[in-house]
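Inside the fold
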Amino acid sequence: MRSTGRLSKTSGESGNTPAPNDAPLTAFDRTALERWLATEEIPPYRCGQILRWTYQRGATSYEQMTDLPAALRQELASRVPLHVPELEERLVSALDGTRRYLWRLSDGVTVESVGLPAGDRLTVCFSTQAGCAMGCAFCATGEGGFVRDLGPGEMAQQVMLVGADFGQRVTNAVAMGQGEPFAAYEASLGGLRLMNDPDALGIGARHLTISTCGIIGGIDRLASEPEQFTLAVSLHSARQATRDRLVPAMRNQSLPRLREALVRYTGKTGRRPSLEYALVAGVNDSPDELDALVEFCRGLLCHVNLIPVNPSTNVPFDRPPLDRAKEFVIELQRSGTEVSIRSERGSDIEAACGQLTQRHASSSGRGAAPSA
Ligand code: SF4
C-alpha cells in the first residue's frame, strides 16, 4: 500500500506526533494533538477547545477560535494549518433525498461522501482514502487506482460537513466510501475516534461502522480496541474463485482464514459483524454461490447485507432480478442467518462508490489525482 506518510502520523503503535510545519490539523487525532500540545507546553484543555471549534462549530480558521489567545492562534495557523474541504459538487436525489458530495481537499485531491436521511436518522458514508488500491471488480473507485490516505480529521470533516448541509445531527457514520480503511488502520481508527469524541462529533461507537474487504490483520486488531465500533466485511462471494475475481486484492487471504478471523472477532467482542454481499447478475447469484454463502454463514454470528449492485457506466455488471435476491434471503433465513436486502438509495445521482469521481474526472479532466 502506497502512503504519503505525511497524513498517517496518528496515535497508536506506529503513530508519531506530526512535525511542526509538516502536517495540517486534520492529520491529528485527539491523542496526537494532545501529545503535540504537550511538547509545546500548551495546556491540555486547549485540545478540547480546538476540537470543539473545528468539528462542532465548523471553524474555517483559527482566527474564529476567540477563546484561544491571539498568540496561540497565530502559532497554530503557522505550524498546524487548518484546512476545510471545499465543496466541488453536490447532487440531491429526487427519489429519496440522498445527497452525494464531491470534496476537494487542501492538496487538490477529491473524495466523495454520501448523506442518507431516514426520518430522524442521518447516516453519512465517508471516504478513508482518495482512490483505492484494492481494485474490486464492480467498483468505480478501484478502477481509478489509489491516490493517498486521508487524515483522521479529513474523515471527520466529511461527516461534519454533511451534517451541516442537512442541518441535522449525524446519527451514524460508515466507512464505506472510497478506500480500504484497514489499509490505513491508524488514520481510520483516529477518524472514528474523532467522530466518537464528545468534543468532536459525539457519535456513539456502535453507530460508527468500519468496512473492510477482509484484511485479517485489521479484523484482529479491531477486536482488541476498547471502543465498540461496528465491523462490516465485504464478502461478495463465499467461493474462492469468484471472490478472487471480485476482490482481487484479497487473493492471499483465503475464505477459511477469513471465517476463522470472524470467529475470533465474534468470540472476543460478542459483536455481530455484517457481511456485505453485492449481488451481481451471472457472477455471484447462482445456486452454487448461494449454497456456499449459506455454508460460510452457518453457525457464524453475522448479518448478511445483500446489495443488488448499482449499474455503472464504468463497470460492466448488472444487478439480478429482485426475485433472485429474495431467494437468497429465504435460504439464508432457513439456515438461521440474519439477512436483509439493502434498499437502493440515490440511484438517480450515481450514488455507488466512486461513480461521481469517475464522472467528474471524465468531464473536467481533473479526477482524483492531486492537482498541485
Ligand atoms: S469497493 Fe471499496 S475496497 Fe473495493 S475498490 Fe472500491 S473503494 Fe476500494
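Computed from a predicted structure; not experimentally measured.

**What to know about the overall build of the protein**
Within the protein one finds twelve helices and twelve strands. Counting only contacts in the protein whose residues sit at least 6 apart along the sequence, the fraction spanning at least 24 positions is 66%.

**Regarding the pairing of strand β11 (residues 303-308)**
When a strand is regular, its side chains alternate between the sheet's two faces. Pairing between strand β10 (residues 274-279) and β11: six bridges, direction parallel. Residue L279 lies in a different strand from β11, and its bridge partner there is P308. With respect to chirality, the unit in which β10 leads through helix α10 (residues 287-297) into the neighbouring parallel β11 is right-handed.

**Some points on the environment of S274**
Residue placement: S274 occurs in strand β10. Owing to 21 C-beta atoms within 10 Å, S274 belongs among the buried residues under this scheme. Separated by 42 residues in the primary sequence, S274 and A232 have C-alpha atoms spaced 4.6 Å apart. Setting aside chain neighbours within four positions, we find S274 in contact with A232, C302, H303 and N305.

**Description of the pairing of strand β3 (residues 110-118)**
The buried fraction of β3 is high, at seven of nine residues. Sheet topology places strand β2 (residues 99-104) next to β3; six bridges connect them, and they run antiparallel. Pairing of R99 across the sheet is with G115, part of β3. Taking the residues that link successive antiparallel strands as the turn, the β2-β3 hairpin has five residues, and the phi of G108 there is positive, at about 95°.

**So, the environment of K268**
Structurally, K268 is set in helix α9 (residues 255-269). With 44 residues separating them along the chain, K268 and S224 place their C-alpha atoms 8.0 Å apart.

**Details of unusual backbone geometry**
At E41, a position not held by glycine, the phi torsion is positive, near 60°. Structurally, E41 is set in the loop between α1 (30-39) and α2 (45-56). E41 gets classed as exposed once you count the C-beta atoms within 10 Å, which come to 6.

**Quick word on helix α11 (residues 322-334)**
Residues spaced three or four apart along an α-helix point in a common direction, a consequence of the helix completing one turn every 3.6 residues. Over its 13 residues, α11 runs 18 Å from end to end, which matches the ideal 18 Å to within 8%, given 1.5 Å per residue. Tucked inside the fold, the buried residues of α11 contact β10, α10, β11 and β12 (338-341). At the C-terminal side of α11, G336 shows a positive phi close to 95°.

**Some remarks on the packing of helix α7 (residues 216-223) against α9**
Between two packed helices, both the angle of their axes relative to each other and the distance between the axes serve to describe the pair. One way to put it is that α7 packs onto α9 with a least axis distance of 9 Å and a crossing angle of 5°. Taken as axis vectors, α7 and α9 run roughly parallel relative to one another. Contacts between α7 and α9 pair I216, I219, D220 and A223 from the former with R257, L258, A261, L262, R264, Y265, K268 and T269 from the latter. In the contact of α7 with α9, the residues fall into seven nonpolar, one polar and four charged.

**Comments concerning the confidence of the model for the protein**
Confidence in the prediction of the protein, expressed as mean pLDDT, is 88, and 87% of residues score 70 or more. Confidence drops under a pLDDT of 50 for residues 1-17, and excluding neighbours within four residues, the segment shows 47 contacts in the predicted structure. Segment residues 362-372: pLDDT under 50, and 19 contacts once partners within four positions in sequence are set aside and those in other chains are kept.

**Things to note about α9**
Taking 1.5 Å of rise per residue, 15 residues should cover 21 Å, and α9 covers 21 Å from first to last C-alpha, within 8% of that figure. Turning to α9, its buried residues number three or more, namely L258, A261, L262 and Y265. For α9, the arc enclosing every buried residue in end-on projection is 100°, short of the 170-degree limit, so these residues lie on one face. Exposed and oriented more than 90 degrees from the buried face of α9 are P256, R257 and G267. Where α9 is buried, its residues touch α7 and β9 (230-234). Once α9 ends, the next one or two residues include G270, with phi positive near 70°.

**Side note on the nonpolar core**
Core analysis: the largest hydrophobic core is formed by 99 residues, its most contacted members being A156, V159, M195, L201 and Y277. For M195, the contacting residues outside a window of four places in its chain are A156, V159, A173, A200, L201, I203 and L208.

**A look at the sheet that holds β9**
In space, the ten strands of this open sheet follow the order β1-β2-β3-β4-β7-β8-β9-β10-β11-β12, with mixed pairing throughout. This sheet does not close on itself; its edge strands, each paired only once, are β1 (86-92) and β12. For this sheet the average axis-to-axis angle between neighbouring strands, irrespective of direction, equals 20°. Sheet topology note: the β3/strand β4 (residues 121-125) ladder contains five bridges and is antiparallel. Pairing of V114 across the sheet is with C125, part of β4.

**Considerations on the packing of α10 against α11**
Look at α10 against α11: their axes get within 10 Å of each other, and the N-to-C directions meet at 35°. Note that α10 runs across α11; the crossing there is right-handed. Between α10 and α11, the residues in contact are L290, V294 and C297 and E327, F328, E331 and L332, respectively. Of the residues contributing to the contact of α10 with α11, the split by class is five nonpolar, no polar and two charged.

Calculation criteria
- Residues numbered from 1 in each chain as written.
- Predicted model: local features only at pLDDT ≥ 70, side-chain atom pairs only at ≥ 80, totals over all residues.
- Helix = DSSP H or I, 4+ residues; strand = E, 2+ residues; numbered from the N terminus.
- Contact = placed C-beta atoms within 7 Å.
- Pairing = 2+ DSSP bridges.
- Right-handed = clockwise from strand over helix to strand, strands pointing away.
- Buried ≥ 20, exposed ≤ 12 C-beta atoms within 10 Å, placed from the backbone.
- Expected span 1.5 Å × (residues − 1).
- Axes fitted to C-alpha atoms, helices over the stretch in contact; angles between N-to-C directions.
- Parallel < 35°, antiparallel > 145°, perpendicular 65-115°, else oblique.
- Nonpolar A, V, L, I, M, F, W, Y, C, P; charged D, E, K, R; others polar.
- pLDDT = per-residue confidence, 0-100.
- Arc of directions from axis to C-beta.
- Core = buried A, V, L, I, M, F, W, Y, C linked by C-beta atoms within 7 Å.
- Left-handed = near helix turned anticlockwise from the far one by under 90°.

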